[in-house]
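Descriptive structure summary
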Amino acid sequence: MILSGKAKLAGVIGWPVSHSKSPRLHGYWLEKHTIDGAYVPLAVKPDDLHAVVRGLVKAGFRGVNITVPHKENVMAVCDQISEQARRIGAVNTLVFHEDGSVHGMNTDGYGFLENLKQGPKSWHANSGPAVVLGAGGAARAVCAALLEAGAPEIHLLNRTVEKAEQVAKDLGSTVNVHSLTESAKWLPGAALLVNTTTLGMNGAEPLHLDLSPLAQTAVVTDIVYAPLETDLLKAAKARGNPTVDGLGMLLHQARPGFEAWFGVKPEVTPELRAFVLAEAP
Ligand code: ATR
């Protein structure tokens, strides 16, 4: 990579940030489109977030992605926040405007939907109720996107029911809240099952879920992508359900930011998937 004095700059802010796949992902697109630009990892402590964002604006950056643990706190630094990000209560993409203002958006829901759309043809938002497991930031983004796309009803199941109740309160009356132990009651009518909990992730506890009440036509997806094929997806596939893995959500959520900063709408391809999955040298 050789930059000119006019290079367009962006990056990802996290603490820590070393685990982030975003520099590799954006780096692939920058090279593919021979863009005079760079996307760098920025390890920023929570106390420094405000000063760093304002500093990057002054340094001429086009914007940044925001990852754990800053997605909620960064909202206080934004001059404008998109309607969807406000509803979700978290921001993962900042675009810096020429007047120095900071625009915050959340592209996780977009990434989730685009990933599903590229999956099995049998799923449409209006095919029927969705069962969503978990009530963290990812669940908020998934539910907001599903409702916006026309999902008729969402059953939100979480270990801590109060947390799910707060999500329902923020997102609307078509979100019904239940305990994670009640899946047998809500799986039978579902057209879509989404795991947004950390269960099943490498190093985390397994997700114990009996899929037998689920229709074989229901699409099953997991936002966990390490491992790529979680036990949930394996079990769903084995009984004939269409499945979608979580890597695509990560790849698709990056597209709006890349387009805003670098002026090209990038594509998610099998080559990109393989490149991001491969360990960095
Ligand atoms: P994110 O913002 O990525 O969604 P999060 O806010 O930490 O992450 O949310 C993690 C989700 O996984 C939550 O729904 C959490 O359930 P609680 O709200 O009850 O904490 C769920 N989760 C994590 N560990 C769990 C476990 N051992 N059993 C059941 N659910 C679990």
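Counting of residues starts from 1 at the beginning of each chain's written sequence and follows it residue by residue. Residues qualify for local features only when their pLDDT is at least 70, as the model is predicted, and side-chain atom pairs are given and counted only at 80 or more; totals for whole chains, interfaces and linings, by contrast, use all residues. In computing side-chain properties, one takes all heavy atoms of the structure into account and sets aside hydrogens as well as water.

1. So, the environment of Gly 200
By the criteria applied, helices consist of DSSP H or I runs no shorter than four residues and strands consist of E runs no shorter than two, each listed in order from the N terminus. With respect to the helices, strands and loops of the structure, Gly 200 is situated in the loop between strand E10 (192-195) and strand E11 (219-222). Residue exposure (1.4 Å probe, protein chains only): buried if accessible area is under 20% of the type maximum, exposed if over 50%, otherwise partly exposed. Looking at Gly 200, the relative accessible area reads 23%, which means it is partly exposed. In contact with Gly 200, not counting residues within four places along its chain, are Glu 205, Pro 206, Leu 207, Val 224, Ala 226, Pro 227 and Thr 230. In this analysis, two residues are considered to be in contact whenever any of their non-hydrogen atoms come within 4.5 Å of each other.

2. With respect to the sheet that holds strand E12 (residues 243-244)
In short, DSSP must find at least two bridges between two strands for them to pair. If you walk across this open sheet you meet the six strands as E9-E8-E7-E10-E11-E12, and the pairing is parallel. Every interior strand has two partners, whereas the edge strands, strand E9 (175-179) and E12, have only one. Note: E10 against E11, four bridges, orientation parallel. Bridge pairing in E11 places Leu 193 opposite Val 220. Here the axes come from fitting lines to C-alpha atoms, over the contacting stretch only for helices, and the angles between their N-to-C directions go from 0 to 180 degrees. Across the sheet, helix H6 (residues 161-171) is in contact with strand E8 (154-158) and E9; its angle to E9 comes to roughly 180 degrees.

3. Comments concerning the environment of Leu 180
Along the chain, Leu 180 turns up in the loop between E9 and helix H7 (183-186). Exposure remark for Leu 180: the relative accessible area of 21% places this residue in the partly exposed category. Each C-alpha atom, one on Leu 180 and one on Leu 157, is 4.7 Å from the other, the two residues being 23 residues apart in sequence. Residue contacts for Leu 180: discarding those within four places in its chain leaves Leu 133, Leu 157, Asn 158, Arg 159 and Leu 199.

4. Here's the deal with the packing of helix H1 (residues 22-32) against helix H11 (residues 270-277)
The geometry of a pair of packed helices is captured by two quantities: the angle between their axes and the separation between those axes. As a packed pair, H1 and H11 sit with axes 9 Å apart at the nearest point and diverge in direction by 140 degrees. When the axis of H1 is compared with that of H11, the two are oblique. By crossing handedness, the relation of H1 to H11 is classed as right-handed. Contacts from Arg 24, Leu 25, Tyr 28 and Trp 29 in H1 reach Glu 271, Leu 272, Phe 275 and Val 276 in H11. Partitioned by chemical class, the residues of the contact of H1 with H11 number six nonpolar, no polar and two charged. For classification, angles of less than 35 degrees are called roughly parallel, those exceeding 145 degrees roughly antiparallel, those between 65 and 115 degrees roughly perpendicular, and all remaining angles oblique. Handedness of a crossing follows from how the near helix is turned relative to the far one, being left-handed for an anticlockwise turn of less than a right angle and right-handed for a clockwise one. Gly falls in the polar group here, along with every residue not listed as nonpolar (Ala, Val, Leu, Ile, Met, Phe, Trp, Tyr, Cys, Pro) or charged (Asp, Glu, Lys, Arg).

5. Here's the deal with the side chain of Ser 183
By the element assignment, Ser 183 lies in helix H7. Setting aside residues up to four positions removed in sequence, Ser 183 forms contacts with Leu 157, Pro 188 and Leu 209.

6. Topic: the domain arrangement of the protein
The split into domains, and so the bounds of each, comes from an automatic or database assignment of domains. Here the domain parsing of the protein yields domain 1 (8-107 + 254-277) and domain 2 (110-248). The distance between the C-alpha centroids of domain 1 and domain 2 comes to 26 Å. The junction of domain 1 with domain 2 conceals about 1200 Å² of combined surface from both sides, 53% of it contributed by carbon and sulfur atoms. Two parts placed together each lose some accessible area under a 1.4 Å probe, and adding up what both lose gives the buried area. Broken down residue by residue, the surface that domain 1 buries against domain 2 is led by Arg 87, Ile 88 and Arg 273, which jointly contribute 42%. Put simply, a salt bridge is a Lys or Arg side-chain nitrogen that is within 4 Å of an Asp or Glu carboxyl oxygen. The tally of links between domain 1 and domain 2 comes to three salt bridges. One salt bridge connects Glu 148 with Arg 87, and the closest N-O pair in it is separated by 3.3 Å.

7. Observations concerning empty space enclosed by the protein
The way it works is a 1 Å grid over only the protein atoms, where trapped points that fit a 1.4 Å probe form a cavity and open points with protein on both sides within 12 Å along at least five of seven lines form a pocket, and then any residue with an atom within 4 Å of a point lines it. Grid points are joined across faces, edges and corners, and a volume is the space filled by probe spheres set on the points. Inspection of every chain in the model, using the stated rule, returns one cavity of 30 Å³ or more. In this model, the largest cavity occupies a volume close to 30 Å³. Looking at the largest cavity, the residues that line it are Leu 199, Gly 200, Leu 207, Asp 222, Thr 230, Asp 231 and Leu 232. Taken together, the residues of the lining of the largest cavity sort by class into three nonpolar, two polar and two charged.

8. Examining the packing of H1 against helix H10 (residues 255-262)
Relative to each other, H1 and H10 sit at 45 degrees, their axes nearing to 11 Å. With respect to H10, the element H1 is oriented oblique. Viewed along their axes, H1 and H10 form a crossing whose handedness is right-handed. Of the residues in H10, those touching H1 at His 26, Trp 29 and Leu 30 are Arg 255, Phe 258, Trp 261 and Phe 262. By residue class, the composition of the contact of H1 with H10 is five nonpolar, one polar and one charged.

9. Notes on the packing of aromatic side chains
Each aromatic ring pair is characterised by the separation of its centres together with the angle its planes make. In summary, the pairing rule links any two rings of Phe, Tyr or Trp, Trp by its six-membered ring, whose centres are within 6.5 Å, and it sorts them by plane angle into stacked for under 30 degrees, edge-to-face for over 60 and tilted for everything else. Summed over all chains, the structure comprises five aromatic pairs. Ring centres of Trp 29 and Phe 258 lie 5.4 Å apart, and the angle between their planes is 70 degrees; on these two criteria the pair is classed as edge-to-face. Of the two residues, Trp 29 is situated in helix H1 and Phe 258 in helix H10; the sequence distance between them amounts to 229 residues. In terms of burial, Trp 29 and Phe 258 fall into one category: buried. Centroid distance Phe 258 to Phe 262: 4.8 Å. Interplanar angle 50 degrees. Geometry classified as tilted.

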